[in-house]
Amino acid sequence: MKEKSKELYNRKDKAKLGGGEAKIKNQHEKGKLTARERIELLVDNGSFEEIGMFVKHRATDFGLDKVNYPGDGVVTGFAKINGRPIALFSQDFTVFGGSLSETHAEKIIKIMKLALKAGIPIIGLNDSGGARIQEGVISLGGYADIFLLNTLASGVVPQISVVLGPCAGGAVYSPAITDFIFMARKTSHMFVTGPNVVKTVTHENVTFEDLGGADTHATKSGVAHFVYDNEIETLLNVRKLMGYLPLNFKDRPDNLNFDFESLQPEEKLDSIIPDNPNKPYDMKEVISLLVDDSEFLEVHQNYAENIICGFCHIGGMSVGIVANQPQILAGVLDINASVKSARFVRFCDAFNIPLLVLVDVPGFLPGTEQEWNGIIRHGAKLLYAFSEATVPKITLITRKAYGGAYDVMNSKHIRGDFNFAWPSAELAVMGPKGAVEIIFKKEIESSENPELELERKLNEYIQKFANPYIAAERGFLDDIIEPKDTKRILINSFDLLKDKVDNNPKKKHGNIPL
Ligand code: HXC
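A. Representation of the overall build of the protein. Helix and strand counts for the protein come out as 20 helices and 17 strands. Over its C-alpha trace the protein gives a radius of gyration of 26 Å, about what one expects of a compact globule, namely 24 Å for 514 residues. Principal axes of the C-alpha set define a box for the protein whose edges measure 100 × 60 × 45 Å. By the burial criterion, 51% of the 514 residues in the protein qualify as buried. In the protein, the share of contacts with a sequence separation of at least 24, taken over all contacts with a separation of at least 6, comes to 74%. Accessible surface for the protein amounts to roughly 24600 Å². Of this, 54% is attributable to carbon and sulfur atoms.

Here it is as structure tokens:
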């Protein structure tokens, strides 16, 4: 038995070395960690159980019959994060550049199927040269098998992609189907075609970093949801994200301890909204005063910054926040903001994470650029996402809620469970000046003093409409609340809604305007 144990030990030791010491050194010299070092940082100490360590490729062409590494370039298994189970795969660049062979794909598929059976999240650490070139179409088939499973698992268990090296060609579509993409600056790259192909086809000169680096995808394309300076920070933030999520669509996020008895009114909230309704303020300050310990994990922090999306705990409960940001473009809704927030709302709804919607929106962004690029169908995504969502949904209007954007931002009419407003709220078809210039055009023009008349009509309009009371009289708002009491009211409301049941009509699936 001793001999047999020794053989096992030796074989496992060899497998753990991946492509060998020299390749590991190369990996470190590029500023990258190995597949196994990454797993160690990601999961709870001692919780990782590996499967498929001895799997080898079956290819024989191009001399592959003479080169084989146990594990075949991907480490797979299950582990725990914050004490909760997850399944994972971690591509090993030291073995054939982490490229995806038939057997490499089979290992990923096996772990994904296990995750689906067990009802646990899947985390993929990607670092790969793409399809194993020597295996040709067989490896393309492996990718397609993974894409299918990504799609079938969507909405069943959370799927997280962490891109920590190259991820090119069709390979990008696996992360793209998953719920969130993390990238690390300088070492992660994603593109459908690399700089050389780009130069041949479009004659553009572009670097790897500019074409598909982390910052490009965090700011320009919106492909990356979370971006950090290095791998360690990236992996630690994956752990953080998992703290807000349930295991699967039937599960709920964990509740944290919260001492409700010692909750005090937050006086600072009373002075955040400026007296001048056209003056910006930072909605993130409002968020930081409402969430537990000011801890807010922002999604797409540097993309479409006119809307803020992210996870937090309120009274110990996991909550997804969608908030207009008056500091950027006056908080207007445009194409990118609509797409960003619609996907976030759908994720929260799929995984039983209640939504808090903070509204200060002057409307949709006007202009040919927006109209020609389809603000109508993109804006409709957000409307659709809020309308179909059945999780607890609470709206707080802090200031402006104008026009169609009032309806879209989780209004009472599209099943907001509780709709609150601060006394500073203004609910109207449009801003006072625009409205007065239209409805009192003739009176103002024919007046002896048009400027004075405009001023008079403006005051009249503001008195009548630029407040929350008409909406409250109609029941479109459930209450008008003092800012300082907001957190208490939110906690009590979310608590009441925790067993909320709401259903949509039976159907195969809806047809969201994609
Ligand atoms: C087989 C590969 C490989 C691949 C890299 N290697 N990519 N082996 N198939 N796709 C091997 C290299 O031969 C090398 O082996 C080792 O991995 C490390 O690669 P290097 O080139 O030395 O590393 P680096 O300089 O860091 O460059 C990394 C790279 C480059 C940018 C990823 O290797 C590269 O361009 N690879 C090809 C990428 C590609 O075109 N893939 C196909 C994309 S299309 P040795 O033994 O020398 O260490 C695709 C389609 C998917 O993937 C479709 C899905 C539907």
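B. Structural view of the sheet that holds strand E9 (residues 226-228). Taken in spatial order, the seven strands make up an open sheet running E1-E2-E3-E4-E5-E7-E9, and their pairing is mixed. In the strand order of this sheet, the two ends are held by strand E1 (49-51) and E9, each with one partner. Averaged over all adjacent pairs, the angle separating strand axes in this sheet is 20°, with direction ignored. Its contacts with the sheet place helix H4 (residues 102-118) against E1, strand E2 (74-81), strand E3 (84-91), strand E4 (122-126) and strand E5 (159-163), and it is angled at close to 20° to E2.

C. Inspection of helix H16 (residues 432-439) at higher detail. Three or more residues of H16 are buried, namely Pro432, Ala435 and Val436. Taken down its axis, H16 places every buried residue within 95° of arc, on the same side.

D. The arrangement of the site of the ligand in detail. Near the ligand there are 19 residues, and of these Lys23, Lys30, Gly97, Gly129 and Ala131 occur at the shortest range. For the ligand, an oxygen atom lies 3.2 Å from a polar atom in the side chain of Lys23. In this structure, a nitrogen atom belonging to the ligand sits 3.1 Å away from a main-chain N or O atom of Ile133. When the ligand sits alone it has 1000 Å² of accessible area, and the protein chains cover 53% of it.

E. Region of the structure containing empty space enclosed by the protein. All told, the structure shown has four cavities of 30 Å³ or more when counted by the stated rule. Considering the residues around the largest cavity, the lining is formed by Phe89, Gln91, Leu100, Ile108, Asn126, Ser128, Tyr143, Ile146, Pro166, Cys167, Ala171 and Ser174. For the lining of the largest cavity, the secondary structure elements donating two or more residues are E3, helix H5 (137-153) and strand E6 (166-168). Grouping the amino acids of the lining of the largest cavity by side-chain chemistry returns eight nonpolar, four polar and no charged. Considered as a void within the structure, the second largest cavity measures approximately 70 Å³ in volume. Phe89, Asn150, Ser161, Ser174 and Thr178 are, among the 14 residues lining the second largest cavity, the residues nearest its centre.

F. A look at the pattern of salt bridges. According to the stated counting rule, one finds 31 salt bridges in the structure shown. One salt bridge connects Asp44 with Arg239, and the closest N-O pair in it is separated by 3.0 Å. With a gap of 195 residues between them, Asp44 in the loop between helix H3 (35-42) and E1 and Arg239 in helix H10 (residues 231-242) connect regions that are remote in the sequence. Asp44 gets classed as buried once you look at its relative accessible area, which sits at 19%. Glu388 is the partner of Arg346 in a salt bridge, and the nearest nitrogen-oxygen pair spans 2.6 Å. Linking Arg346 in helix H12 (residues 335-350) with Glu388 in helix H14 (residues 375-388), this pair joins segments that are 42 residues apart in sequence.

G. How the structure looks around the packing of H12 against H14. Between H12 and H14, the least distance of the axes is 8 Å, while the angle of their chain directions is 20°. Taken together, the axes of H12 and H14 lie roughly parallel to each other. Here the hand of the crossing between H12 and H14 comes out left-handed. The residues of H14 that touch H12, namely those facing Ile335, Ser338, Val339, Ser341, Ala342, Val345, Arg346 and Asp349, are Ile375, His378, Gly379, Lys381, Leu382, Tyr384, Ala385, Phe386 and Glu388. Among the residues forming the contact of H12 with H14, the class breakdown is nine nonpolar, four polar and four charged.

The rules behind the values
Residues numbered from 1 in each chain as written. Predicted model: local features only at pLDDT ≥ 70, side-chain atom pairs only at ≥ 80, totals over all residues. Heavy atoms only, no water. Helix = DSSP H or I, 4+ residues; strand = E, 2+ residues; numbered from the N terminus. Rg over C-alpha atoms; globule rule 2.2 N^0.38 Å. Buried < 20%, exposed > 50% of the residue type's maximum accessible area, 1.4 Å probe, protein only. Contact = heavy atoms within 4.5 Å. Areas by Shrake-Rupley, 256 points an atom, 1.4 Å probe, with all protein chains shown as cover. Pairing = 2+ DSSP bridges. Axes fitted to C-alpha atoms, helices over the stretch in contact; angles between N-to-C directions. Arc of directions from axis to C-beta. Near = heavy atom within 4 Å. Polar contact = N/O pair within 3.5 Å; in protein donor to acceptor, adjacent residues only side chain to side chain. 1 Å grid on protein atoms, 1.4 Å probe; cavity = no way out; pocket = protein on both sides within 12 Å on 5 of 7 lines; lining within 4 Å. Points joined across faces, edges and corners; volume = space filled by probe spheres on them. Nonpolar A, V, L, I, M, F, W, Y, C, P; charged D, E, K, R; others polar. Salt bridge = Lys/Arg side-chain N within 4 Å of Asp/Glu carboxyl O. Parallel < 35°, antiparallel > 145°, perpendicular 65-115°, else oblique. Left-handed = near helix turned anticlockwise from the far one by under 90°.

That's the geometry; what it means functionally is another story.
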